[in-house]
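Here is how the chains run, residue by residue.
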Amino acid sequence: SILAFTSIGPILYLTGMYATWSKEVNRQIWTALGDANAVATEAIGNIRTVRAFSTEGLECAKFEESIQKALKKGIKDAVVGGGTFLTTSGLDLGAGALILWYGGMVAMSDPDQLSVGELVTFQLYWAMINSGYKSLNG
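In this text, all values refer to a predicted model and were calculated from it rather than measured experimentally.

Calculation notes
- Residues numbered from 1 in each chain as written.
- Predicted model: local features only at pLDDT ≥ 70, side-chain atom pairs only at ≥ 80, totals over all residues.
- Heavy atoms only, no water.
- Salt bridge = Lys/Arg side-chain N within 4 Å of Asp/Glu carboxyl O.
- Helix = DSSP H or I, 4+ residues; strand = E, 2+ residues; numbered from the N terminus.
- Buried < 20%, exposed > 50% of the residue type's maximum accessible area, 1.4 Å probe, protein only.
- Patch = residues over 30% accessible without salt bridge, like charges linked within 9 Å, V, L, I, M, F, W, Y side chains within 5 Å.
- Areas by Shrake-Rupley, 256 points an atom, 1.4 Å probe, with all protein chains shown as cover.

A. Expanded view of the pattern of salt bridges. Across all of its chains, the model carries 2 salt bridges by this definition. For Glu24, the salt bridge identified is with Arg27, shortest N-O distance 3.2 Å. A residue pair is termed a helical-turn pair when its members lie 3 or 4 positions apart in one helix, as Glu24 and Arg27 do in helix α2 (residues 8-45) at 3 residues. Residue classification places Glu24 among the partly exposed residues on the basis of a relative accessible area of 36%. The salt bridge partner of Glu59 is Lys62, with a shortest N-O separation of 3.6 Å. Remark: Lys62 and Glu59 occur in helix α4 (residues 56-109); sequence separation between them is 3 residues, near one turn of the helix. Using a relative accessible area of 34% as the deciding quantity, one classes Lys62 as partly exposed.

B. Fine view of a nonpolar patch on the surface. A contiguous nonpolar patch, built from Leu3, Leu98, Trp101, Tyr102, Met105 and Met108 and spanning about 630 Å² of accessible area, is present on the exposed surface. For the nonpolar patch, the element with the highest residue contribution is α4, accounting for 5 residues. Looking at the secondary structure, you find Met108 in helix α4. Residue classification places Met108 among the exposed residues on the basis of a relative accessible area of 65%.

Dropping the structure here:
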C-alpha cells in the first residue's frame, strides 16, 4: 500500500500547481478577449469617424492584436495542461506497474504471504481508490 500511495502526493501537487497557474492564464485570456471586444465595439460605434479618417486597417490591427494575445495564452495553457496530464498519468501508470511488479515478486517468492488472488484484489481496490481521488481532484 505504501508503494501505491507514493504517487498520490506528487500527482496532487502537480495538478494543484497547474490549476493555480492556469487560473491566472485564463484570467489573462479573458482580459485580452474583453479588450478585443472593447476595440470592436468602439470602432463599430464610431464607424463614421473611423471611415472619415480611413483607419479601418488600424482598428482591425488592434482587434487582431488582442485576439492573437488571447490565442497565444490559450495555446500555452493547452500545452502546459497536456504536459501536466501526461506527467500525472505516467506517475499513475508507474504506480500501478510498481504495485504489480512488487506484488508479483512477493507472490512468487512467498505464496503464503501474498497470493495472486490477493494481489489482484488489492489492485482492484487501488483502482477504486485511485478513481475516487481523481474525480475529487478534477
